[in-house]
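One-letter residues, chain by chain:
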Amino acid sequence: MSGFNKVVTSYEEALAGFTDNMTVMVGGFGLCGIPEGLIEQVNKLGSTGLTAISNNAGVDGFGLGKWLEKRQISTMIGSYVGENELFEKLLLSGEMEVILTPQGTLAEKIRAGGAGIPAFFTATGYGTQVADGKETREIDGRNYVLEPSLTADFALVKAWKADTMGNLIFRKTAMNFNPMMATAGKITVVEVEEIVEAGELDPNYIHTPGIYVQRVIKGNFEKRIEQRTIKPSSEKE
Amino acid sequence: MSGFNKVVTSYEEALAGFTDNMTVMVGGFGLCGIPEGLIEQVNKLGSTGLTAISNNAGVDGFGLGKWLEKRQISTMIGSYVGENELFEKLLLSGEMEVILTPQGTLAEKIRAGGAGIPAFFTATGYGTQVADGKETREIDGRNYVLEPSLTADFALVKAWKADTMGNLIFRKTAMNFNPMMATAGKITVVEVEEIVEAGELDPNYIHTPGIYVQRVIKGNFEKRIEQRTIKPSSEKE
Amino acid sequence: MALTRDQIAMRVAQEIQDGYYVNLGIGIPTLVANYVPEDMDVMLQSENGLLGMGEFPTEETIDPDLINAGKQTVTAVTGAAYFSSAESFAMIRGGHVDLTVLGAFEVDQEGSIASWMIPGKLVKGMGGAMDLVAGAENIIVTMTHANKHGVSKILKKCTLPLTGANCIKRVITELAFMEIKNGAFHLLERAPGVSVEEIQALTEADLVVNGDIPEMTF
Amino acid sequence: MALTRDQIAMRVAQEIQDGYYVNLGIGIPTLVANYVPEDMDVMLQSENGLLGMGEFPTEETIDPDLINAGKQTVTAVTGAAYFSSAESFAMIRGGHVDLTVLGAFEVDQEGSIASWMIPGKLVKGMGGAMDLVAGAENIIVTMTHANKHGVSKILKKCTLPLTGANCIKRVITELAFMEIKNGAFHLLERAPGVSVEEIQALTEADLVVNGDIPEMTF
């Protein structure tokens, strides 16, 4: 199925057409389920003026933290700064514009963008600074905020397995923002742990149908753990 | 896990609390993936004044066609009348109120209802009678209609397998409207082909997490086919 | 001579590209699948929740849980995926389907289409048609140019309840391939042996004819 | 005597019912899981995309693909399910979670809560907190009654940027269990050995004290 073979073999090819000032979504929650090699490649490209949409911005020196170090992001749309000191510094100094967005609203804005819904109402953030400048409305006695959807020039997604046609499955909580972002990129590039032949994934359990995916590349993942929490050895089941 | 055992063993129990004038969602597309036994039970109960939300209304004598025969539905919200003669008759005579809703808008209204989104904009139906009386708005040069979400007192859902905790998987195109409806019912009752122990369904491939499900019952399905189309025997692969 | 239903489908199929995700409506559009060039692959989307619709099943493989949007039993091809109707229309509304082909009762020079209802006579419901016309960038409408009494269906303004407003750009009838732009139909191709005058006679809408209009080739 | 962090968690746990789906925030709320009564089952929801969060893993079972909303490595219990963050917040916003427990910097008598930002000092982002307070019918806030300088955090009106307006109904501090209704805090229970006067002294908000206020029991 030549027309449906989405596999590329180099990161250059995976990010062909990626330029300065683009809007780019990056999957992952913390460092879990991030497209490590694609992030690295954008860092190598050195593209600047990016609007990055991602729940977090990695940690100092890893994940999107690398884009911060190189000052590649001019606007960051995310929900959590967390323990990323450089992020907090760039935010407080105003060097980088940061649009803090509630996590669920962020997820839904991306899902809406991919699904052709330009805006929706949500109760989240009503009465807070998140609602500043946005339309609000009372519906059936509750107050809601109108939230516009999000799309991107590129969506950089991490999946567990892809078939050659771009059908995807994710693994455990490494799924997080990846499926919605896959739907919301004009060009969706997916970095996976394993590429299988079409037909090897059960059609009944595909998380993201290939129609959303333009390119697939096999990556090598470090899978760094942010909070390594282990059951104390004294504790028994 | 006593508190999470959602299995009931009789249809009476499955529909306990179901009364006249309720709003009820019924899964299925045509006769594919409909909760046959639950539909039958509502027919037996003889409840009237129902607002039924379902893509179709079955066929004469089967599925929701039986509710039509008994005049149990006062308002039908669906997208397709199709070849159901009684439905068309009740619609044209005005005996039953029918709110024809585009299929994708219907699916999204139900998904939104379950997801706490009270209303969203869609381009579907703009400039048609579907938009009559609804707010419209131009966003980034396109015209959209504001659609309120849908919820129901009961959602009657058909799944392939459930575990005792109400985690569900659907099979092939029998999925259709069932997953969204499962999220949008105050009481969601699921009729399945097989009930398995908790832990037997792979957590990575559960279509509907048990949090949305209140009751599960094992059914026996006729699975009537509406359009039996077979490859002519002369045709070879 | 006017095209047969199969010839209309053949002409539509020429617009398909390798790797297209395509949604085909009921009727003539369904026939398009038969004429996809051998060296091209397309994936058919069925809006009830299937990407990768295959041919009809055999007696042995028939499965009541596997139907298409026309409620016919079908099969799934290699690489197919099943999903909910919400996901399916997310694809459609979100503009992810490359080509949509559907029938119509009427189209007009503003790009509006009527295909779902004849008041007092025929009420089938719009099903997914309104979503399809609103969601697709690339739509081809297949229809007959006029009814059997010779009354044109290619109109200045649709008379029937609309399925969508200002959304149709290309129409293929048994007589002509036309593009809608700047408030008029533009004649692109004629059916073999059909004259511009014959097309003009059955077109109520403004029809722009620029230079020589080529015949369709198959 | 003021409650310990674990005692606050124990008191929260008494509000849990068998079969509850519960979302526990970071800090004291996390401890609640340790005090769920033996004869009850709860399923913990983690908003990154897990229903049925289990205890921390061992060195052998640790999996970087399995973390909770606090980004800690965890396990999943029998009957768990994984899903996207969109689905996760559909659950939360749609009101499907039975109980949400989370911390706060301040709460006020209008039911507003501030928990995510101290201007110029601390910017961590709201994460899922705004969705949780907007989505849950049943929320318990756990917090300290006052800061270490004795300045009350139980206020007439929050001074910090809000996480949510008019959404909190129950608050448990190291001193008291209070309900918010009709524009005031209502004292329901005292920590063992803590007097109403001590609570009053550290409460800036209007505090309604009706009759004898029982001590908490554990």
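Above this text is the structure in question.
Residues numbered from 1 in each chain as written. Chains lettered and ligands numbered in written order. Predicted model: local features only at pLDDT ≥ 70, side-chain atom pairs only at ≥ 80, totals over all residues. Heavy atoms only, no water.

Undergrad: Residues and numbers for the sheet that holds strand β4 (residues 76-82) of chain D, please.
TA: One open sheet holds the ten strands; their spatial order is β4-β3-β2-β1-β5-β10-β12-β13-β14-β15 (chain D), and the pairing between them is mixed. At either margin of the open sheet sits one strand with a lone partner, and together these are β4 and β15 (207-208) of chain D. (Pairing = 2+ DSSP bridges. Helix = DSSP H or I, 4+ residues; strand = E, 2+ residues; numbered from the N terminus.)

Undergrad: Describe the pattern of salt bridges, and please don't skip the residues or the numbers.
TA: Under the counting rule described, the total for this entry stands at 48 salt bridges over all chains. E40 of chain B is the salt-bridge partner of K66 of chain B, the closest N and O atoms lying 3.0 Å from each other. Placement of the pair is K66 of chain B in helix α3 (residues 65-69) and E40 of chain B in helix α2 (residues 36-45), with a sequence separation of 26 residues. Overlapping salt bridges bring together K158, R171, K172, E193 and K223 of chain A together with D63 and D65 of chain D as one network. (Salt bridge = Lys/Arg side-chain N within 4 Å of Asp/Glu carboxyl O.)

Undergrad: Which residues make up the sheet that holds strand β6 (residues 106-108) of chain C, and what are the values?
TA: Reading across the sheet, the three strands line up as β7-β6-β11 (chain C) and stay open at both edges, with mixed pairing between neighbours. Of all the strands in the sheet, just β7 (113-114) and β11 (154-155) of chain C have a single pairing partner and so form its edges.

Undergrad: Lay out the interface of chain D and chain A in plain terms, naming residues and giving numbers.
TA: With 46 residues of chain D in contact, the opposing surface of chain A contributes 51 residues. Of the roughly 4,000 Å² buried between chain D and chain A, counting both surfaces, carbon and sulfur atoms make up 59%. If you sort the residues of chain D by the area they bury against chain A, D65, K71 and K124 of chain D come out on top, with a joint share of 19%. Between the two partners, chain D and chain A, sit seven salt bridges. (Contact = heavy atoms within 4.5 Å. Buried area = accessible area lost by both parts, 1.4 Å probe.)

Undergrad: Could you give me a rundown of α2 of chain B, with the residues and numbers involved?
TA: All names here are of chain B. Burial of α2 is extensive: seven of the ten residues sit out of reach of the surface. Every buried residue of α2 is listed here: E36, G37, L38, I39, Q41, V42 and N43. Two residues or fewer past α2, G46 is found with a positive phi of approximately 75°. (Buried < 20%, exposed > 50% of the residue type's maximum accessible area, 1.4 Å probe, protein only.)

Undergrad: Break down unusual backbone geometry for me, citing the residues and quoting the values.
TA: Here R71 of chain B, not a glycine, exhibits a phi torsion of approximately 55°, which is positive. Note on R71 of chain B: relative accessible area 35%, which makes it partly exposed.

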